[in-house]
Amino acid sequence: MATVPKVEVGTDYKEKYGFFVPEEYVFKAKRGLNPDIVKEISWMKQEPEWMTKMRLRSLEIFRKKPMPTWGADLSVIDFENIFYYLKASDKQSKTWEDLPPDIKATYDRLGVPEAERKFLAGVSAQYESEVVYHSLQEELTKKGVIFTDTDSALRDHPDLFKEYFGTVIPPADNKFSALNTAVWSGGSFIYVPKGVRVDIPLQAYFRINAENMGQFERTLIICDEGSFVHYIEGCTAPIYTTDSLHSAVVEIIVKKNARCRYTTIQNWSTNVFNLVTKRAMAYADATMEWVDGNLGSQITMKYPSVYLMEPGAKGDVLSVAFAGKGQHQDAGGKMIHVAPNTTSTITSKSISKGGGRTSYRGHIKIYPGANNCKSFVKCDALLLDDESRSDTYPYNDVDAENVTLGHEATVSKVSDEQLFYLMSRGIPRGEAETMIVNGFIEPFTKELPLEYAVELNRLIQLEMEGSVG
Amino acid sequence: MVSTEAPLEDLIFRGEPDWLRENRRSALESYQRLPAPSKTDEEWRRTDVSRLDPSAFSRFEKAPAHTTMATNLPKGVILESLPVAARDYAELVQPRLFSLAQAHRDRFTALQAALFTGGIFLYVPDGVEIDEPITGRHFSHESGTTVQPHTLIVAGKNSKFNYLDEYIAEHDDEAGYRSGSTEIFLGEGSQVGYVAVQKWGRNVWHFSDQRAELGKDATLRLFNVTLGGKFSKTRVEASLAGEGSNAELKAIYFASGEQFFDFHTLQEHRVGNTRSDLLFKGALQDVSRTVYAGLIRIEKHAARSDAYQANRNLVLSDKAKATSIPMLEIDNNDVRCTHGATVGPVDPEHLFYLRSRGITEATAKRMLIQGFFGDVLDRIPFEHARKLVEAELESRIG
């Protein structure tokens, strides 16, 4: 028998999945996508049969759906040349030395602690946070809150999981949600019981599992009646990955009187295609808030949406995009008013620099019978030089009665007057521009927890100096 | 439309120069070749033409299609029927006709280029100013016919004049296929006021392209009024091709009954130091529907451009529906662009205020509609047209 290279199965692997990989079996992460790979992923995770079937069905859908012809240019993605599943141990095979210098420099400049840097760079998992995570878990468990990774949730809470998984974003929703459903791995699962308020924001990187930064993460949040939770994913420091495609799906259910806030700060390295489907269902008098910041990636296409299902539901999207050289941020939001007396707002702020392109793309849909709805969209774009580009594509479909709909957008450069004012007070030009940009996105930063806001401001400063990316 | 070539030759091609006949034939080929607009095409996603069969209206009207009214035209000004001008002033007409409206753009512009009937050509030489507005009136007399007038306006350097196109149906309940397209070429420093008032019958299909190209320091004040048709699709497009040019594009529409109006606008800033200002205001009654989609495009080197775009819809009935899609594509940073769109009912507070002063609900509503249109009516470039539009609107608000 030919010598088969042995796979280093991480010790945690056994604990996590509770089975032993027979010696003769070699799970090698293959490139490309076919039913066998999907079956293997499901088998490796020891998933129930319904999930395996769902994955296979999604793969079919993914294959049948055409590539979107609108938005950013996606023709360069080679689906056959992508690893669709990597074990955690494979992921950490990189070393600190392999990282591109600019990423390392950014960590230095941002003042990210050494251990955290390695985690962000995908070099190691963040074991340091284990303690914090455990004490948090105790408190949450007391309240009946479930906060875990999505794979564990499928294993430990199968009924709850099956009831909601894929109900907000079915596999056939779009090509990339089908892809995600076929090969998903990692992500967060949160269940907040009736009337429970989770006071501290739950952050993805509290969890020790390295997979939460995965390519095809799958997040499911269920806020039961009258509950509240704030979930934060990502961070301001650039996340280095060699994977070129990131296609996550986030599903949220906000029941009667509940409120959910989901904050994302995404700063993928600039080789990444970031194609994410995020959607929430808000029921009677519930509130869903997306706070969405997009800084990194080569191409981002992301339109967090809220389906306003019952009267009194409220949806809110606050989005910031920063596109530097070679980047295209195609972001925005969608508000689907299904029930009467629902309200929504979308606020978008975008900044383009050094030939970058930002596009706002939004959709307000008000179904027949969803009377007395109100919706307001405001987009502001700042162009920092004459190589950059900004587009606004708002789509509005109103089929109901007595609806008030407003849309406003402005595109401008840094105002000469503001610049003059600051410079006349002895502030150098570069610094003055940075201050103006920070002021421009202030409605966004003030919605962030303090440490994130500080980091974001620092990052904008770096981007403005042109020392990064 | 018409199956054999012979009747066409007889009906409308007769007496026309070879180049025009050739253009018409090629446009007709495009019409037959081009696919029907599909629902997946963004421009037609909300605009349903699947029930339109232009060949159902293959008759042309025999009565004169248009008259022009102008007094004391200065020397050198040409005001002529388009087919005659194509023969007598080919050097002016040939390079321009359908160069802006783009005969092969879609089925309907192709049909317009192939079968335009009559139409008006206006040429105002360099430096000529005309005080009195020139009026072109286009008529339809019968149901079931096709009427496709086309206006071509050429403004010489530093010329200055106002022009009004009126599209008039003899009977308000006429059905048929109608158009009313206009191409305006503005020479350096020219100032043109253009008003189009569309009052075709309430059962017609109407397609129109109004497109202008502005040279250096030219100023266009365009005003579109859409009232007629069961289906009306209008494109209003200004191409700012010369530095210092300035386009003001305004429109009002009043839709009632089962009317459907579609407006697509383009403010194309091709060079720097240009300005465009667009305001489309509409009121909707009954079960009418309107679609507005506008685009501001600022090209790479068009620095110091200033563009404004707004669409305001007043929805007077619970069953009426207005869709508004204002878009921007900005490729230069040294610009100022603002756009806005609103769709909403009459403000209940305004209504309450008037009611509390003893004004009946119907009167109060009428006053609010008049007020809504008031600021844009003031922008109609000349008195004659303003009075006409005010009277038309008055009779419809009722």
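Just so you know, these numbers come straight off a predicted model, no measurement behind them. (Residues numbered from 1 in each chain as written. Chains lettered and ligands numbered in written order. Predicted model: local features only at pLDDT ≥ 70, side-chain atom pairs only at ≥ 80, totals over all residues.)

1. Overview of the overall build of chain B
Note the threshold: In this description a helix means any DSSP run of H or I spanning at least four residues, a strand means any run of E spanning at least two, and both kinds are numbered starting from the N terminus. In this setup the radius of gyration rests on C-alpha atoms only. A globule is expected at 2.2 Å times the number of residues raised to 0.38. Burial in this document is a count-based property: other C-beta atoms within 10 Å of a residue's C-beta are tallied, and the residue is buried at 20 or more, exposed at 12 or fewer, or partly exposed in between, with C-beta positions derived from the backbone.
In terms of helices and strands, chain B carries eight helices and 21 strands. Computed over C-alpha atoms, the radius of gyration of chain B comes to 21 Å, within 12% of the 21 Å expected from 2.2 N^0.38 for 398 residues, which places it in the range of a compact globule. Projected onto its principal axes, the C-alpha coordinates of chain B cover approximately 70 × 50 × 45 Å. By the burial criterion, 48% of the 398 residues in chain B qualify as buried.

2. Some words on the overall build of chain A
Note the following rule: Each residue is represented by a C-beta atom placed from its backbone, and any two residues with such atoms within 7 Å are regarded as in contact.
Regarding its fold elements, chain A presents 14 helices and 19 strands. Within the span of chain A, comprising 469 residues, buried residues form 50% of the whole. Look at the contacts in chain A between residues 6 or more apart in sequence, and 83% of them connect residues 24 or more apart.

3. Section: the packing of helix α12 (residues 429-440) of chain A against helix α14 (residues 450-465) of chain A
Residues and elements named next belong to chain A. Just so we agree on the cut-off: Structural elements are reduced to axes, namely lines fitted to C-alpha atoms, with helices fitted over the stretch in contact, and the angle between N-to-C directions of any two is expressed from 0 to 180 degrees. When describing relative orientation, an angle under 35 degrees is termed roughly parallel and one over 145 degrees roughly antiparallel, while 65 to 115 degrees is termed roughly perpendicular and anything else oblique. Helix crossings fall into two classes, left-handed where the near helix is turned counterclockwise from the far one by less than a right angle and right-handed where it is turned clockwise. Polarity classes work like this: nonpolar for Ala, Val, Leu, Ile, Met, Phe, Trp, Tyr, Cys and Pro, charged for Asp, Glu, Lys and Arg, and polar for all others, with Gly in that last group.
Put simply, α12 and α14 touch, their axes get as near as 10 Å, and they point 135° apart. In terms of orientation, α12 lies oblique with respect to α14. For the element pair α12 and α14, the recorded crossing hand is right-handed. Where α12 abuts α14, its residues Gly430, Glu433, Thr434, Val437 and Asn438 lie against Asn457, Ile460, Gln461, Met464 and Glu465. Taken together, the residues that form the contact of α12 with α14 break down as three nonpolar, five polar and two charged.

4. Quick look at the pairing of strand β12 (residues 305-308) of chain A
Residue and element names in this part refer to chain A. Keep this limit in mind: Here a strand pair is declared whenever DSSP counts at least two bridges between the two strands.
The two faces of β12 match: Ser305 and Tyr307 on one face and Val306 and Leu308 on the other face are all buried. Two elements, strand β9 (residues 273-282) and β12, share four bridges in a ladder whose sense is parallel. For Ala282, the partnering residue across the bridge sits in β12 and is Leu308.

5. Re the interface of chain A and chain B
Interfaces are often sized by the amount of accessible area the parts lose when they come together. Tallying the contact residues gives 29 residues for chain A and 28 residues for chain B. The set of elements that each furnish at least two residues to the side of chain A that touches chain B consists of β18 (389-398) and β19 (404-412) of chain A. The element best represented in the side of chain A that touches chain B is β18 of chain A, accounting for 10 residues. Its residues assigned to classes, the side of chain A that touches chain B shows 10 nonpolar, 10 polar and nine charged.

6. Describing the domain arrangement of chain A
Residue and element names in this part refer to chain A. Put simply, the rule is: Start and end positions for the domains come from either an automated domain assignment or a database one.
One can read the domain layout of chain A as domain 1 (11-81), domain 2 (100-417) and domain 3 (418-469). At the junction of the two partners, domain 2 supplies 25 residues and domain 3 supplies 23 residues. Of all the elements in the fold, those that place two or more residues in the side of domain 2 that touches domain 3 are α5 (101-110), β8 (259-266), β10 (287-294), β13 (314-323), β15 (343-352) and α11 (416-423). Partitioning the side of domain 2 that touches domain 3 into residue classes produces 11 nonpolar, eight polar and six charged.

7. Quick word on the domain arrangement of chain B
Residue and element names in this part refer to chain B. Domains assigned within chain B are domain 1 (5-348) and domain 2 (349-398). Here domain 1 and domain 2 have C-alpha centroids that lie 26 Å from each other. The partner domain 2 presents 21 residues to the 21 residues of domain 1 that form the contact. Looking at the side of domain 1 that touches domain 2, the elements that each hand over two or more residues are β8 (160-169), β11 (191-199), β13 (219-226), β15 (246-255) and β17 (275-284). Element by element, the count of residues in the side of domain 1 that touches domain 2 is highest for β11, at four residues. Across the side of domain 1 that touches domain 2, the residue classes break down as 14 nonpolar, two polar and five charged.

8. So, the pairing of β13 of chain A
Residues and elements named next belong to chain A. Across the 10 residues of β13, 10 count as buried, placing the element largely inside the fold. When β10 meets β13, the two strands line up parallel, connected through eight bridges. Opposite Glu289, over in β13, you have Asp316 as the bridge partner. Relative to β15, β13 is paired through 10 bridges, and the arrangement is parallel. Bridging from a neighbouring strand, Val320 pairs with Lys349 of β15.

9. Comments concerning the nonpolar core
Counted only if it meets this: The term nonpolar core refers to a set of buried Ala, Val, Leu, Ile, Met, Phe, Trp, Tyr and Cys residues connected through C-beta atoms within 7 Å.
Residues Ile252, Val254, Cys260 and Ala282 of chain A together with Leu220 of chain B are the most contacted members of the largest nonpolar core, which totals 210 residues. Considering each element in turn, this core owes the most residues, seven residues, to β15 of chain B. Ignoring anything within four residues of it in the chain, the contact list for Val254 of chain A reads Cys223, Arg259, Cys260, Ala280, Met281, Ala282, Tyr283, Ala286 and Met288 of chain A.

10. A word on unusual backbone geometry
Unlike most non-glycine residues, Asn341 of chain A shows phi in positive territory, near 55°. Structurally, the position occupied by Asn341 of chain A is in the loop between β14 (328-337) and β15. Overall, Asn341 of chain A belongs to the partly exposed group, with 17 C-beta atoms counted inside 10 Å. Notably, Gln102 of chain B is not glycine yet its phi reads approximately 55°, a positive angle. With respect to the secondary-structure elements, Gln102 of chain B resides in the loop between α4 (90-93) and α5 (107-115).

11. A few points about the confidence of the model for chain A
Residue and element names in this part refer to chain A. The condition is simple: pLDDT is a per-residue confidence score from the predictor, ranging from 0 to 100.
Averaged over all residues, the pLDDT of chain A equals 80, while 78% of them reach at least 70. Across chain A, element-level confidence peaks in β12 with a mean pLDDT of 97 and bottoms out in helix α1 (residues 11-17) with 37. Between residues 1-28, whose pLDDT stays under 50, and residues either more than four places distant or in other chains, the model counts 18 contacts. pLDDT under 50 marks residues 88-93. Its contacts with residues more than four places away, or in other chains, come to 16 contacts.

12. Digging into the environment of Arg96 of chain B
By secondary structure assignment, the location of Arg96 of chain B is in the loop between α4 and α5. Separated by 128 residues in sequence, Arg96 of chain B and Asn224 of chain B place their C-alpha atoms 22 Å apart.

13. What to know about the packing of α11 of chain A against α12 of chain A
Residue and element names in this part refer to chain A. Two elements in contact, α11 and α12, have axes separated by 9 Å at closest approach and are oriented at 125°. In this view, α11 runs oblique relative to α12, as classed from their interaxial angle. Where α11 crosses over α12, the handedness of that crossing is right-handed. Listed contacts from α12 to Gln418, Leu419, Leu422 and Met423 of α11 are Arg429, Ala432, Glu433, Met435 and Ile436.

14. A look at the environment of Tyr360 of chain A
All names here are of chain A. Note on placement: Tyr360 falls in strand β16 (residues 357-366). Owing to 30 C-beta atoms within 10 Å, Tyr360 belongs among the buried residues under this scheme. Distance from Tyr360 to Ser319, taken between C-alpha atoms, is 9.5 Å for residues 41 residues apart in sequence. Residues contacting Tyr360, with those up to four places away along its chain left out, are Gly332, Ser348, Ser350, Cys379, Thr392 and Tyr393.

15. So, the environment of Phe440 of chain A
Residues and elements named next belong to chain A. Relative to the helices and strands, Phe440 is located in helix α12. Phe440 sits in the partly exposed class, given 19 other C-beta atoms within 10 Å. Note: C-alpha distance between Phe440 and Ser244 (196 residues apart in sequence) is 31 Å. Residues contacting Phe440, with those up to four places away along its chain left out, are Lys349, Ile351 and Leu382.

16. Let's talk about the confidence of the model for chain B
All names here are of chain B. The share of residues in chain B with pLDDT of 70 or more is 95%, and the mean pLDDT across the chain is 90. Counted against residues more than four places away or in other chains, residues 1-5, with its pLDDT under 50, gives eight contacts. The ipTM for the predicted assembly is 0.73, set against a pTM of 0.81.

17. Things to note about α5 of chain B
The buried fraction of α5 of chain B is high, at nine of nine residues. Every buried residue of α5 of chain B is listed here: Arg107, Phe108, Thr109, Ala110, Leu111, Gln112, Ala113, Ala114 and Leu115 of chain B.

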